[in-house]
Amino acid sequence: MDLESILDELYGLRPQDFTAARNARAAEARGAGDPGLAERIKALRRPTVSAWAGNLLVRRDPERVRPLLALGEGLRSAHRGLDGEQLRELSRQQHLLVAALAREACDLAAAEGQQVGETALREIEGTLHAVLADPAAAEEWAAGRLDRPLTPPVGFTAAVADPGVVADRAAAPRPGGRPQAEGSERAAGQRGRERRAERDEARRAEQEQARRKEREQARRAAASAEEEARDREAEHARADEAAERVDARADEAAERVDALTEELKEARSDLRAAEKEARRARDRARAADLAASSARHRARQASQNVGRPTSGRE
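These remarks concern the structure in this document. (Residues numbered from 1 in each chain as written. Predicted model: local features only at pLDDT ≥ 70, side-chain atom pairs only at ≥ 80, totals over all residues. Heavy atoms only, no water.)

## What about the overall build of the protein chain?
Right, on to step 1. Within the protein chain, the regular secondary structure consists of 11 helices and zero strands.
Right, on to step 2. Along its sequence from the N terminus, the protein chain presents helices and strands in the succession α-α-α-α-α-α-α-α-α-α-α.
Right, on to step 3. Counting across all 314 residues of the protein chain, residues that qualify as buried make up 27%.
Right, on to step 4. When contacts within the protein chain are restricted to residue pairs at least 6 apart in sequence, those whose partners lie at least 24 apart make up 70%.
Right, on to step 5. As displayed, the protein chain offers around 20500 Å² of accessible surface, 50% of which is attributable to carbon and sulfur atoms. (Helix = DSSP H or I, 4+ residues; strand = E, 2+ residues; numbered from the N terminus. Buried < 20%, exposed > 50% of the residue type's maximum accessible area, 1.4 Å probe, protein only. Contact = heavy atoms within 4.5 Å. Areas by Shrake-Rupley, 256 points an atom, 1.4 Å probe, with all protein chains shown as cover.)

## Quick notes on the pattern of salt bridges
Right, on to step 1. Under the criterion given, the structure shown has 15 salt bridges.
Right, on to step 2. In this structure, Glu 255 and Lys 42 form a salt bridge, with 3.4 Å as the shortest nitrogen-oxygen distance. Of the two residues, Glu 255 sits in helix α11 (residues 190-307) while Lys 42 sits in helix α3 (residues 35-42), which places them 213 residues apart along the sequence.
Right, on to step 3. Owing to a relative accessible area of 43%, Glu 255 belongs among the partly exposed residues under this scheme.
Right, on to step 4. Notably, a salt bridge pairs Asp 247 with Arg 46, separated by 3.0 Å at the nearest N-O pair. (Salt bridge = Lys/Arg side-chain N within 4 Å of Asp/Glu carboxyl O.)

## Observations concerning the packing of aromatic side chains
For any pair of aromatic rings, geometry is given as the distance between the ring centres together with the angle between the planes.
Right, on to step 1. Evaluated as defined, the whole model comprises one aromatic pair.
Right, on to step 2. Ring centres 5.2 Å apart and planes at 45° place the aromatic pair Tyr 11 and Phe 18 in the tilted group. Each member of the pair Tyr 11 and Phe 18 is classed as buried. (Phe/Tyr/Trp six-rings, centres within 6.5 Å; stacked < 30°, edge-to-face > 60°.)

## Overview of helix α4 (residues 49-60)
Right, on to step 1. When the terminal C-alpha atoms of α4 are compared, their 16 Å separation across 12 residues agrees well with the 16 Å that a helix rising 1.5 Å per residue should span.
Right, on to step 2. For α4, the tally of buried residues reaches nine of 12 residues, placing the bulk of the element in the interior.
Right, on to step 3. All buried positions along α4 are accounted for by Ser 50, Ala 51, Trp 52, Ala 53, Gly 54, Asn 55, Leu 56, Leu 57 and Val 58. (Expected span 1.5 Å × (residues − 1).)

## Here we look at the side chain of Asn 55
Right, on to step 1. Within the secondary structure, Asn 55 is located in helix α4.
Right, on to step 2. For Asn 55, a relative accessible area of 0% gives the class buried.

## Brief notes about the packing of α4 against helix α7 (residues 118-133)
Right, on to step 1. Contact geometry of α4 with α7 gives a least axis separation of 8 Å together with a crossing angle of 50°. Of the possible angle classes, the one that applies to α4 and α7 is oblique. Where α4 crosses over α7, the handedness of that crossing is right-handed. On α7, the residues that touch Val 49, Ser 50 and Ala 53 of α4 are Ala 120, Glu 123 and Ile 124.
Right, on to step 2. Tallied by class, the residues present in the contact of α4 with α7 amount to four nonpolar, one polar and one charged. (Axes fitted to C-alpha atoms, helices over the stretch in contact; angles between N-to-C directions. Parallel < 35°, antiparallel > 145°, perpendicular 65-115°, else oblique. Left-handed = near helix turned anticlockwise from the far one by under 90°. Nonpolar A, V, L, I, M, F, W, Y, C, P; charged D, E, K, R; others polar.)

## Observations concerning the nonpolar core
Right, on to step 1. Leu 68, Ile 124, Leu 128, Trp 141 and Leu 150 are the most contacted members of the largest nonpolar core, which totals 29 residues.
Right, on to step 2. Those elements giving two or more residues to this core turn out to be α4, α5 (65-80), α6 (84-111), α7 and α8 (135-142).
Right, on to step 3. No other element matches α6, which puts eight residues into this core.
Right, on to step 4. Membership of the second largest hydrophobic core comes to 12 residues, among which are Leu 7, Ala 21, Leu 37 and Ala 38. (Core = buried A, V, L, I, M, F, W, Y, C linked by side-chain atoms within 4.5 Å.)

## A closer look at α8
Right, on to step 1. Residues of α8 that are buried: Ala 137, Ala 138 and Trp 141. Seen end-on, α8 carries its buried residues on one side only, within an arc spanning 100°.
Right, on to step 2. The N-terminus of α8 is capped by Asp 134, whose side-chain oxygen sits 3.0 Å from the backbone nitrogen of Ala 136.
Right, on to step 3. One or two residues past the end of α8 sits Gly 144, with phi positive at roughly 70°. (Arc of directions from axis to C-beta. Polar contact = N/O pair within 3.5 Å; in protein donor to acceptor, adjacent residues only side chain to side chain.)

## Observations regarding the packing of α7 against α8
Right, on to step 1. At a minimum axis distance of 5 Å, the contact between α7 and α8 shows a crossing angle of 125°. Judged by the inter-axis angle, α7 sits oblique to α8. For α7 against α8, the interelement crossing comes out left-handed. Of the residues in α8, those touching α7 at Thr 127, Leu 128, Ala 130, Val 131 and Ala 133 are Pro 135, Ala 137, Ala 138 and Trp 141.
Right, on to step 2. In terms of residue class, the contact of α7 with α8 is built from eight nonpolar, one polar and no charged.

## Some remarks on the environment of Phe 18
Right, on to step 1. With respect to the element layout, Phe 18 can be found in helix α2 (residues 15-31).
Right, on to step 2. Taking relative accessible area as the criterion, Phe 18 reaches 0% and is therefore assigned buried.
Right, on to step 3. Each C-alpha atom, one on Phe 18 and one on Arg 45, is 8.8 Å from the other, the two residues being 27 residues apart in sequence.
Right, on to step 4. Excluding residues within four positions of it along the chain, Phe 18 makes contact with Leu 10, Tyr 11, Leu 44, Arg 45, Arg 46 and Pro 47.

## Focus: a negative patch on the surface
Right, on to step 1. Where like charges cluster on the molecular surface, the negative patch consists of Glu 262, Glu 263, Glu 266 and Asp 270.
Right, on to step 2. When you line up the elements, Asp 270 lands in helix α11. (Patch = residues over 30% accessible without salt bridge, like charges linked within 9 Å, V, L, I, M, F, W, Y side chains within 5 Å. Lys, Arg positive; Asp, Glu negative; His and termini not counted. Charge placed at Lys NZ, Arg CZ, Asp CG, Glu CD.)

Treat this as a map of the structure, not an account of what it does.
This is the structure in structure tokens:
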């Protein structure tokens with residue numbers, strides 16, 4: 001018995017089957033004289049439905065992992081290089097692949113008798129986005145042992161969701177450029193050139209102001225999304241803590257049931273022994289009573305013989 005094989009076994013089980021199997025493996029390890037392994041097994045957390053469905057996807061169809069990992073590397077490269085055109089194309093592929101994999105995970109879970117709700121579906125999609133954004137998250141997911149859904153970096157998600165922001169950042173012109181006059185210098189006078197230059201400068205200023213406004217709106221939207229993500233993460237953490245407390249109480253109850261079951265077995269054994277001893281005592285009492293009765297009978301006979309005259313004597 002080793003921890004790796006136990007991890008593979010337990011995190012392939014449905015969430016509702018996890019705790020009983022984990023406790024059984026911990027008891028086996030303790031019975032085999034390995035309390036350290038038993039404690040490590042006991043500390044394993046029951047997976048959420050979304051984490052378990054993500055594990056199913058990796059375990060049942062490992063070939064689907066490779067395209068997602070390759071796409072993640074492409075997205076990260078485009079994000080680092082501010083390549084808006086490439087990012088737009090990869091983002092389109094991302095949305096299609098994430099949606100398809102999330103649906104497949106739901107189908108696999110349904111085939112195991114576990115329905116996936118809207119919240120769990122969003123968590124599965126979040127895990128897949130995290131895999132795209134972070135190589136460490138991708139490695140963790142590929143092991144097929146998640147107990148909680150993964151969360152993608154907020155900045156990466158916002159940029160992938162709106163690649164135009166990256167494109168604007170890369171392509172936005174810098175103010176201070178030298179205006180160029182259009183038309184023939186021979187046909188236009190100095191005043192016409194100045195007016196055109198003023199119009200060009202005003203147009204550039206207006207465009208720059210519009211871009212600044214768009215960037216500010218994007219920054220505010222990203223900040224709002226990040227704040228909402230933090231709120232959701234805090235809410236998720238509170239839910240996890242509540243679930244862990246419930247798990248702990250369930251584990252304690254299971255341990256109490258095991259202890260009481262063992263005590264009941266011992267009490268029944270003691271009762272059987274006491275009943276057996278009582279039967280023996282009753283048998284001994286009956287034998288003693290019979291012996292006493294026989295002795296009393298013999299004594300009465302002897303007493304009668306003492307008072308009776310002996311034959312042949314006068």
